[in-house]
Every structure is written in C-alpha cells, then in structure tokens.
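Survey of secondary and tertiary structure
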Amino acid sequence: MTSGNNSGSNGGSKKRPLVAILSGAGISTDSGIPDYRGPNGVWRRDPEAEKLVTYTYYMSDPEIRRRSWLMRRDGPALHARPNAAHDAVARLEQAGVPVRVITQNVDGLHQMAGMPERKVLELHGTARAVQCTRCKARSSMEAALERVAAGDPDPACETCGGILKSATVMFGEGLDPAVLGEAVAVTKACEVFIAVGTSLRVHPAASLAGLAADHGARLIIVNAEPTPYDDRADELVREPIGTALPALLEQIAAG
C-alpha cells in the first residue's frame, strides 16, 4: 500500500504518515460485545432496552436506573478482552507509526490492548467509569457495581448524593465538544483514515470519513456491509475484521 512515507532504518528522509482509525461496534464483536444498532442489534431486537440508556428515562424513573445497573453488571463490556484487531492497532502504534484512534465504542478495549490513553478519543465516553449527573464527580464502574452487589440497587453519588450514571453518552445527550473537536482536528490532519467496523450512519462520527477524504486522506473502509461513504473510499475491505485489519495495518507499518 502506498502511504507516502519512507521507513528506512537510517532515520528515513520522510515523516511517517498520521493514521486515524475510526472504530465502531464491529471491531469488538469478536470480543463478545454485541452490535447494538445493526440489523440484528440489541436495540432492534428489544426496543425497551433502549430506555435503559436514554437520558430522560434514566433520570426520571428509578426502576429504569435499577434495571440499567443490572444491565451493566451482567453485560459483556466489562468482562471482554481485546481481540486480534485491537492488538493490531496497538502494534501499529508501537511500531512507531503516528496513530490516533477515534472510537464510537465505550468498552475501553483499545487501551487494554496497549494504545496509550491520550491517543484514544472516546466519542461516546466510557463504560468503565461512572459520573454524577449533579456534581460531575467521576469514579470507577467497578466500585459502583460493588455497591450494587452489596444490596444498593441504585447507588447515589458519594460526594453529593446525586444520580450516578455510566460515563457514556446516553441517547439524548450531546457529545463532549472537546473530544469531538480533537477528533475533527485529527481527521483533517491525517494522511490515512481507516473506518473499521462502523456502518458510518451515526452522526457526527460518520461524517468524519467524508471530512478525511475532503482533506486529501486515503480513505479505507473495513466493514462487512456497505456504507454511505463507499463511493468516497480508496479501498473497500469486506473480509472479517479480525484477519483483514491486522493484514492491512502490517502493510502500513511496512510502508
């Protein structure tokens, strides 16, 4: 693959390209985390489940909150481990290629695989922390779930008594403008933009693919199903992510 760099061992004469990777639910399905919005996703199969992650329902209904805590306790996200695709992204960064991950996922698997925290932009927040809706104090999800296990079905903030929620962006909430702004800056600056495991239908994240192409990046889409940006892509990859992405990133690492 042509990536516009020289990876010669004597320091090289050209800077290595900045690679931006937009990851969606498809990169984590091999880790046992289901796709929530896809054709067979959780929200399609059980519309009532969507209420558990909708801000207005969550804030107004204690029963919804109690069910939400049980969903967090029993869900796969906190018990999942990185798979071959996450590992491949971390290896690319460790090989000295400038990499920034922009993820729609809240599972933290990129960081668990070895990506530095500062190089991962979590557009939808993280399921590994909780935040008070009143004072904004943050603490670990693990500690909150220990309180649930000890018999508190709807644990309140220990600082101010406010309602706790996961540190994710629920339906009805806006993205963190600082995180989104950084994602836009990375997208404009990158030379290679890889959209992997995302339908590119959920905005504003989806629009980053078009923005990258507009700014001259090589756009590569790795996804089993067609996306609205396929006609803008320089390369389309339909093979399984767990094998296709590592092969693709090895090419980029090799220059």
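Residues numbered from 1 in each chain as written. Predicted model: local features only at pLDDT ≥ 70, side-chain atom pairs only at ≥ 80, totals over all residues. Heavy atoms only, no water.

Within an unreviewed UniProt entry, the label attached to the protein chain reads protein acetyllysine N-acetyltransferase, and the organism entered is Streptomyces roseoverticillatus.

1. What to know about the overall build of the protein chain
Counting its secondary structure elements, the protein chain contains 10 helices and nine strands. For the protein chain, the proportion of its 255 residues judged to be buried stands at 47%. In the protein chain, 63% of the contacts between residues at least 6 apart in sequence involve partners at least 24 apart. (Helix = DSSP H or I, 4+ residues; strand = E, 2+ residues; numbered from the N terminus. Buried < 20%, exposed > 50% of the residue type's maximum accessible area, 1.4 Å probe, protein only. Contact = heavy atoms within 4.5 Å.)

2. Structural notes on the pattern of salt bridges
Counting across every chain of the model gives 10 salt bridges. Among the ionic pairs, Glu93 bridges to Lys119, the shortest N-O distance being 2.7 Å. Of the two residues, Glu93 is situated in helix H5 (residues 84-94) and Lys119 in the loop between helix H6 (109-113) and strand S3 (120-122); the sequence distance between them amounts to 26 residues. On the accessibility criterion, Glu93 (14% relative accessible area) is buried. Here Lys119 falls in the buried class, since its relative accessible area comes to 10%. Ionic contacts of the salt-bridge type, sharing partners, join the residues Arg147, Asp152 and Glu158 into one network. (Salt bridge = Lys/Arg side-chain N within 4 Å of Asp/Glu carboxyl O.)

3. Overview of helix H10 (residues 241-254)
Since the α-helix turns once every 3.6 residues, residues separated by three or four places project in the same direction. For H10, spanning 14 residues, the distance from its first C-alpha to its last is 19 Å, which sits close to the expected 20 Å at 1.5 Å a residue. Within H10, burial applies to Ile241, Gly242, Ala244, Leu245, Pro246, Leu248, Leu249 and Ile252. Where H10 is buried, its residues touch strand S1 (19-23), H5, strand S7 (192-196), strand S8 (218-222) and strand S9 (235-237). One or two residues past the end of H10 sits Gly255, with phi positive at roughly 80°. (Expected span 1.5 Å × (residues − 1).)

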